[in-house]
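Analysis of the macromolecular model
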Amino acid sequence: MQLIGESLRGHLLGVGGNKPADAGIAAVLQELARAACVISRDVNRAGLVGILGRTDQHNVHGETVQKLDVYANELLVDGLRKSAVVCGIASEESENIISPSAAGEKSDYIVYFDPLDGSSNIDVNVSIGTIFAIYRRRSTKGAATLEDFLQTGRDQVAAGYFLYGTSTMLVFTAVDSVNGFTLDSSAGEFRLSHPNIRTPERGRIYSCNESNSGTWDTPTQEYVAALKSTSSRAYTSRYVGSFVADFHRNLLKGGIFLYPADVREPGKPASGKLRLMYECNPMALLQEHAGGLAVDVEHDILDIVPVGIHHRVPLVIGSRIDVGEYLARRREHRAA
Ligand code: AFP
């Protein structure tokens, strides 16, 4: 029995009778929540304080960095280093691992985040978010090593996202249940609003950027075409272009989100766009704990061994039956 309206702090301590979180994980989550409160406030008044728009920098993926990305990244990194709750940080905005503060080296945890996912939507007032994943270190002392960072998604000890939407929400999983909290901005506190989220077994929504469909592989093209055929169940298409927003909607309503491998540059092989460690893995853990499924094309996302902190993969994620039907179409294709 969980208490609606209970504070995040109370929830992490297990006040409502839920299993309490490990103290080290709770400390990281609380620090992330503190930074997210500030990001939420500033996202809401970004135009007023002059932090909307682009910088002239590019991140490690060659994408233009929006001013709010830089701001959110600095806020998270500074907060996590000062509070000494992690022994290493990896961010979408930094090519290399970010070292902890000297005191942070004593922590057992590392964190990955995408500080502002969906940043191309910032200027047009569409929902954006912060995605994070927390791992326990493998090394025993000092700053975390690359090996500590290159664990599979199954090794995540907590993962989730903040969604800066019509309200600001935190959705995370630390033990096995998925819980949603809504920011009570007058109190600066996240409060339990969506206990024990379960995703529908199948949905009616499919979400993908269909402008890329010409370069998808045949089974994926056929799967999406079948969703649109008059004989299929009535599916509807919804795609915001902010992964957090698209994921959150489908988690609650059911459905399937696809970002398949596509040809980014003519002449180059097809590849995935989304990043394994701070986009796909955290959402895959949430989806699995809510009853859904996440695969690249054949494998569970959570079993993929990362080759680097910015590893990209194709992603198909959502309701168990919908993702199962996608996989079945691939199998049929292979057998034909
Ligand atoms: P940005 O944070 O650079 O806007 O990227 C967002 C993202 O990785 C993810 O949030 C979206 O699902 C995806 O890109 C949208 O990509 P397309 O514009 O290629 O559909």
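Structure first, text after, so check above.
Residues numbered from 1 in each chain as written. Predicted model: local features only at pLDDT ≥ 70, side-chain atom pairs only at ≥ 80, totals over all residues. Heavy atoms only, no water.

1. Regarding the overall build of the protein chain
Of the regular secondary structure elements, the protein chain holds nine helices and 16 strands. Against the compact-globule benchmark of 20 Å for 336 residues, the protein chain has a radius of gyration of 19 Å, which places it among compact chains. The dimensions of the protein chain, computed from C-alpha atoms along their principal axes, are 60 × 50 × 45 Å. Scored against the burial criterion, the 336 residues of the protein chain give a buried share of 54%. For the protein chain, the share of sequence-separated contacts (at least 6 apart) that also reach a separation of at least 24 residues comes to 63%. Accessible surface, the protein chain: about 14200 Å² in total, of which carbon and sulfur atoms supply 50%. In the protein chain, the 34 positive side-chain charges and the 39 negative ones have mean positions that sit 3 Å from each other. (Helix = DSSP H or I, 4+ residues; strand = E, 2+ residues; numbered from the N terminus. Rg over C-alpha atoms; globule rule 2.2 N^0.38 Å. Buried < 20%, exposed > 50% of the residue type's maximum accessible area, 1.4 Å probe, protein only. Contact = heavy atoms within 4.5 Å. Areas by Shrake-Rupley, 256 points an atom, 1.4 Å probe, with all protein chains shown as cover. Lys, Arg positive; Asp, Glu negative; His and termini not counted. Charge placed at Lys NZ, Arg CZ, Asp CG, Glu CD.)

2. Let's talk about the site of the ligand
Taken together, 17 residues lie around the ligand, and Asp 117, Asn 209, Tyr 239, Phe 243 and Tyr 259 are the ones closest in. Taking Gly 118, its main chain carries an N or O atom lying 2.9 Å from an oxygen atom of the ligand. Relative to its unbound accessible area of 480 Å², the ligand is 86% covered by the protein chains. Assessed atom by atom at 2 Å from the grid points, the ligand resides in the largest pocket. Elements with a contribution of two residues or more to the shell around the ligand: strand S4 (109-117), strand S12 (256-259) and strand S13 (274-275). (Near = heavy atom within 4 Å. Polar contact = N/O pair within 3.5 Å; in protein donor to acceptor, adjacent residues only side chain to side chain. 1 Å grid on protein atoms, 1.4 Å probe; cavity = no way out; pocket = protein on both sides within 12 Å on 5 of 7 lines; lining within 4 Å. Sits in = over half its atoms within 2 Å of the grid points.)

Don't take any of this as a statement about function, it's just geometry.
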